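Each chain, written out:
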Amino acid sequence: MSAPPSLDAESGMSMANFLVSSVHDMKNSLAVMANFLESALALAPDPSAPLYRQTSQALYENQRINDHLIQLLALYKIDQDFYPFDPQEQNLADLANDALSRVANLARSSGVTLEYECADDLYGWVDYELVLGVLVQALHNALRYTRDSVLCLIAANPRGGIRIRVEDNGPGFPDFLLREGSSRDCGVSFDTGGTGLGLYFAAVVAGLHRNGEHRGGTRLENGGRLGGGCFQLELP
Amino acid sequence: MKIHDLPRPDFSKKSFLVIEDYEGMRGILRDILGRAGTTRIDFASSGGGALAMLEKNRYDAVLCDLHLGHGKSGQQVLEEARQRRLVAPHAVWLMVSAEKTSEMVTGMAETRPDDYLVKPITETLLFTRLLRQMDKKKMLAPIEQAMRDHEYLKAMRLVGQLLAAPGPHTRELKRMEAELALLAGDPARARAVFEEALGQRDQPWARLGLARTLFQEGRFEEARQHLLDVTAGSRSYLDAHDWLARALETLGDLEGAQEALQRALSVSPHVASRQSSLGEVAARRGDLETAARAYRRCIELGLNSPHATAAPYLSLARIFLARDESGEAAKVIGRLASDMKEDDNAQFLARVMEIPIRLNSGGEKAARKLLEELAPTLRDDAHLLPPEMAFALAGPLMRLGDMETTDALFSSLLANHHEHPDYASRVRALYAEAGREEEGGKLVQEATRAALEIMDKGVRLSREGKLDEALSLLREARHKIPGNPRLLLNHAYLLISYMEQRGRDLHLVNEALDCIQSARARHTHDKRAGELLARLEQVRA
């Protein structure tokens, strides 16, 4: 570890530097761990064995930590006014593929069918990394609670902009989450054991996306095509 | 739809360099690339090691972590590799980062990698991006080559051809077109691209671009407004802050300029040129504390850079002298002498700086002796001195009674900067203070006239068709006054006119390029340099 940075005009940033570089280190470690777990799953002979299920669970926990680190860091930077928010016109099928590929191994190992619908030539104005973060988190969440199927739907919004939905066929969201899921100031302690970080992050990301007077928003529902929980992100 | 089960690409004939300080990550990348049949992968764990590899080998793709621990950052490695032409035009450079950083939304084409990958790196992500970028680079290689040859018009023509057919890279090509137009001195064309983009959405890069075109056209107040818009939202649009500082400085708001630079440095402190700009602005405001800190950082950063110069050492020493801390100044100069052992000019400047240091610490005799030894070279090579160093030397030289060398320094300074808004008045004030008001006035007049006369005479001779004579006049002038941007551009203009009449000549093309590049290095934002480059490109054989 290097010597602590001296306190000077940039001292406000030295804490940020520690934070950022520790997160980088942790993410590297998680990536290596995930790689081991994925190799182990690929080599395991019997998907019904307890060891297989535990390894798969470990992979899920690993990716959850990763999501949270990304979100905490981005929220910190947004709060401190130095997140490089940079909406660009992006191909959304690429975004879907990128997001799904990050959870594909997990889905396979948990026996969940993972599909998406998005036109190949659909483009949307998004900050790629932020929206990817929201989408991956939503997919992880859906994989955790679904019975055996998760669907990601990306389409043009009839009211302008785009709509991204992640649907599953699990038991759906509890009522209190349905009430709070669409507000920006989500609470930070839910009975379910979640911290509300994911929803808060999604709401902040949605709010950053603007087009003239219009701002993005998030919403939780039950039902959808698969009859379970639905997470929705609308961007103008 | 299931996610595309991409057929694994065949990278068996491709060579890769992976620059990554974390061993675990090197393993992951090796595994993924191995699945595409790659056998030629080199690994480097530091920036220095990577550059050594890049010197020896030509790679098809480089995967580089942005954060490399100690030493050079990934960004510095990229810039140095590009600068030293260690990357082939078709080669793909992917920067790997743990998160989205300000580097990813900042910088001009030549300092940007082809793409960024945010960890965790999956096989799908890596293969998709590699394939897309390899495809793109293949398409853009002729444009890249034209840019390397400074043939911006040709590059723009090629971009235009690609834009005629809609494809996946339209946005990038548009952005490229605008950058090229700015390089070729055609801000109107660049502005059209930026305005079109802004018509779609408010996008920071396009607004920054618009501000740059306004700046080039001298519309500083409008440029300032746009830059304030871009920088208000976030500190992370780093180059927008640099441009804002530039605009504010030009508009006379030094305090605002300093604040803008400090905001950018609070996000990204590791950029030598930004630290040096902060040093200059802070010193001009009399904020010596901040200036000293900035120059110190600049020196530290120079240790990792191929562009290190003596300038920040000299500036820092100057600041210590102004604060009457001769001991500290001497330390800095000692460091300059040892850090830049190979550089004769730096060694010379370090010795020159010792004159005021010795004088200030009571060593008048030693100072006088040193001056006697250095004076002849100092008079001949006065243009090597950074302007502020000349001003700092004036007092000591006059105190030691060497008016001849003082006059030589300022004649050179003013001849090389005859258009500078306040050097002339500062020189006059300096001489007046020393009781030599009349001499000062005369010196200013003559030095400024020298540059103007050469240009007038050059123009006259070329109008009379005596291009040979005009050229030898400008060549001779360049020996005496090597750093005057206007003279350099005139020189290039003559060379181009000469070739337009008598045909293209490689030596003259190179001479003209050299003049234009030197002028551009001194006056970065002058569109005339670009206009001449464009004209030079059109000279036929």
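Residues numbered from 1 in each chain as written. Chains lettered and ligands numbered in written order. Predicted model: local features only at pLDDT ≥ 70, side-chain atom pairs only at ≥ 80, totals over all residues.

## With respect to the overall build of chain B
Right, on to step 1. Per the secondary structure count, chain B includes 25 helices and five strands.
Right, on to step 2. Here the C-alpha atoms of chain B give a radius of gyration of 26 Å, agreeing with the 24 Å that 2.2 N^0.38 yields for 541 residues.
Right, on to step 3. Taking the principal axes of its C-alpha atoms as reference, chain B extends roughly 85 × 60 × 45 Å.
Right, on to step 4. Looking at chain B as a whole, 47% of its 541 residues qualify as buried. (Helix = DSSP H or I, 4+ residues; strand = E, 2+ residues; numbered from the N terminus. Rg over C-alpha atoms; globule rule 2.2 N^0.38 Å. Buried ≥ 20, exposed ≤ 12 C-beta atoms within 10 Å, placed from the backbone.)

## Section: the interface of chain A and chain B
Right, on to step 1. Contacts between chain A and chain B engage 35 residues on the former and 35 residues on the latter.
Right, on to step 2. For the side of chain A that touches chain B, the secondary-structure elements that each account for two or more residues are helix H1 (11-43), helix H2 (50-79), helix H3 (92-109) and strand S2 (113-117) of chain A.
Right, on to step 3. A breakdown of the residues in the side of chain A that touches chain B according to their chemical character gives 16 nonpolar, eight polar and eleven charged. (Contact = placed C-beta atoms within 7 Å. Nonpolar A, V, L, I, M, F, W, Y, C, P; charged D, E, K, R; others polar.)

## Comments concerning the domain arrangement of chain A
Residue and element names in this part refer to chain A.
Right, on to step 1. The assigned domain composition of chain A is domain 1 (11-79) and domain 2 (88-235).
Right, on to step 2. The C-alpha-based centres of domain 1 and domain 2 are spaced at 20 Å.
Right, on to step 3. Domain 1 puts 14 residues into the contact, and the matching count from domain 2 is 14 residues.
Right, on to step 4. Elements that contribute at least two residues to the side of domain 1 that touches domain 2 include exactly H1 and H2.
Right, on to step 5. Counting residues per element, the side of domain 1 that touches domain 2 draws most heavily on H2, at twelve residues.
Right, on to step 6. Looking at the side of domain 1 that touches domain 2 residue by residue, the class counts come to seven nonpolar, four polar and three charged. (Domains from an automatic or database assignment.)

## A word on the sheet that holds strand S3 (residues 61-65) of chain B
Residues and elements named next belong to chain B.
Right, on to step 1. As summarised here, the arrangement of the five strands in space is S2-S1-S3-S4-S5, forming an open sheet in which the pairing is parallel. Where the open sheet ends on each side, the last strands, each with one partner, are strand S2 (40-44) and strand S5 (115-118). The average undirected angle you get between the axes of adjacent strands in this sheet is 20°.
Right, on to step 2. Strand direction decides the pairing type here: strand S4 (residues 92-97) and S5, joined by four bridges, are parallel. Note on S5: the bridge partner recorded for Ser97 is Val118.
Right, on to step 3. Across the sheet, helix H3 (residues 74-83) touches strand S1 (15-19), S3 and S4, and the angle it forms with S3 is around 145°. (Pairing = 2+ DSSP bridges. Axes fitted to C-alpha atoms, helices over the stretch in contact; angles between N-to-C directions.)

## A look at the environment of Ser326 of chain B
Residues and elements named next belong to chain B.
Right, on to step 1. Structurally, Ser326 is set in helix H15 (residues 326-339).
Right, on to step 2. With 19 C-beta atoms counted inside 10 Å, the residue Ser326 sits in the partly exposed group.
Right, on to step 3. With 36 residues separating them in the primary sequence, Ser326 and Gly362 have C-alpha atoms 9.9 Å apart.
Right, on to step 4. What Ser326 contacts, discounting residues up to four positions off in sequence, is Leu321, Ile357, Asn360 and Ser361.

## Remarks on the sheet that holds strand S9 (residues 228-235) of chain A
Residue and element names in this part refer to chain A.
Right, on to step 1. Reading across the sheet, the five strands line up as S2-S4-S5-S9-S8 and stay open at both edges, with mixed pairing between neighbours. In this open sheet, the two edge strands, each paired with only one partner strand, are S2 and strand S8 (217-223). The mean angle between the axes of side-by-side strands here comes to 15°, regardless of whether they run parallel or antiparallel.
Right, on to step 2. Bridge count for strand S5 (residues 162-168) against S9 is six bridges, and the pairing is antiparallel. Counted as the bridge partner of Glu167 is Cys230 from S9.
Right, on to step 3. Sitting on the sheet, H3 is in contact with S2, strand S4 (149-156) and S5, with an inclination near 175° to S2.

## As for the domain arrangement of chain B
Right, on to step 1. One can read the domain layout of chain B as domain 1 (15-138), domain 2 (269-401) and domain 3 (453-538).
Right, on to step 2. One C-alpha centre belongs to domain 2 of chain B, the other to domain 3 of chain B, and the line joining them spans 32 Å.

## Some details on the packing of helix H21 (residues 437-463) of chain B against helix H23 (residues 485-502) of chain B
Residues and elements named next belong to chain B.
Right, on to step 1. Interaxial distance between H21 and H23 falls to 10 Å at its minimum, and their mutual angle equals 10°. When the axis of H21 is compared with that of H23, the two are roughly parallel. Both H21 and H23 take part in a crossing whose hand is left-handed. Contact residues: H21 offers Ala451, Ile454, Met455, Gly458 and Ser462, while H23 offers Arg486, Leu487, Asn490, Leu494 and Ser497.
Right, on to step 2. Considering only residue class, the contact of H21 with H23 consists of five nonpolar, four polar and one charged. (Parallel < 35°, antiparallel > 145°, perpendicular 65-115°, else oblique. Left-handed = near helix turned anticlockwise from the far one by under 90°.)

## Things to note about the environment of Asp98 of chain A
Right, on to step 1. Mapped onto the elements of the fold, Asp98 of chain A is located in helix H3.
Right, on to step 2. For Asp98 of chain A and Gly172 of chain A, which are 74 residues apart along the polypeptide, the C-alpha to C-alpha distance reads 25 Å.
Right, on to step 3. Asp98 of chain A has contacts with Leu132 of chain A together with Leu125 of chain B, leaving out every residue within four places of it along the chain.

## Brief notes about the pairing of S5 of chain A
Residues and elements named next belong to chain A.
Right, on to step 1. The buried fraction of S5 is high, at six of seven residues.
Right, on to step 2. The sheet contact formed by S4 and S5 spans seven bridges and is antiparallel. Directly across from Cys152, in S5, lies its bridge partner Val166.

## Quick word on the pairing of S2 of chain B
All names here are of chain B.
Right, on to step 1. Sheet analysis places S1 next to S2, joined by five bridges and oriented parallel. Across the sheet, residue Val18 finds its bridge partner in S2, namely Phe43.
Right, on to step 2. In this region the chain leaves S1, passes through helix H1 (residues 23-34) and returns to the parallel neighbour S2; the handedness of that crossover is right-handed. (Right-handed = clockwise from strand over helix to strand, strands pointing away.)

## A short note on the environment of Met139 of chain B
Right, on to step 1. Residue position: Met139 of chain B is located in helix H4 (residues 123-148).
Right, on to step 2. Here the alpha-carbon distance between Met139 of chain B and Leu162 of chain B, two residues 23 residues apart in the chain, equals 8.7 Å.

## Brief notes about helix H18 (residues 387-399) of chain B
All names here are of chain B.
Right, on to step 1. Between its terminal C-alpha atoms H18 stretches 19 Å, which fits the 18 Å expected from 13 residues at 1.5 Å a residue.
Right, on to step 2. Along H18, the largest kink reaches about 35° and is centred on Leu393; proline Pro396 follows within four residues of it.
Right, on to step 3. Every buried residue belonging to H18 is among Met389, Ala390, Ala392, Leu393, Ala394, Pro396 and Leu397, and all of these are buried.
Right, on to step 4. In this structure, the buried side of H18 is in contact with helix H14 (311-322), helix H16 (344-360), helix H19 (403-416) and helix H20 (423-433). (Expected span 1.5 Å × (residues − 1). Bend = angle between axes of the 7 residues up to and from the residue.)

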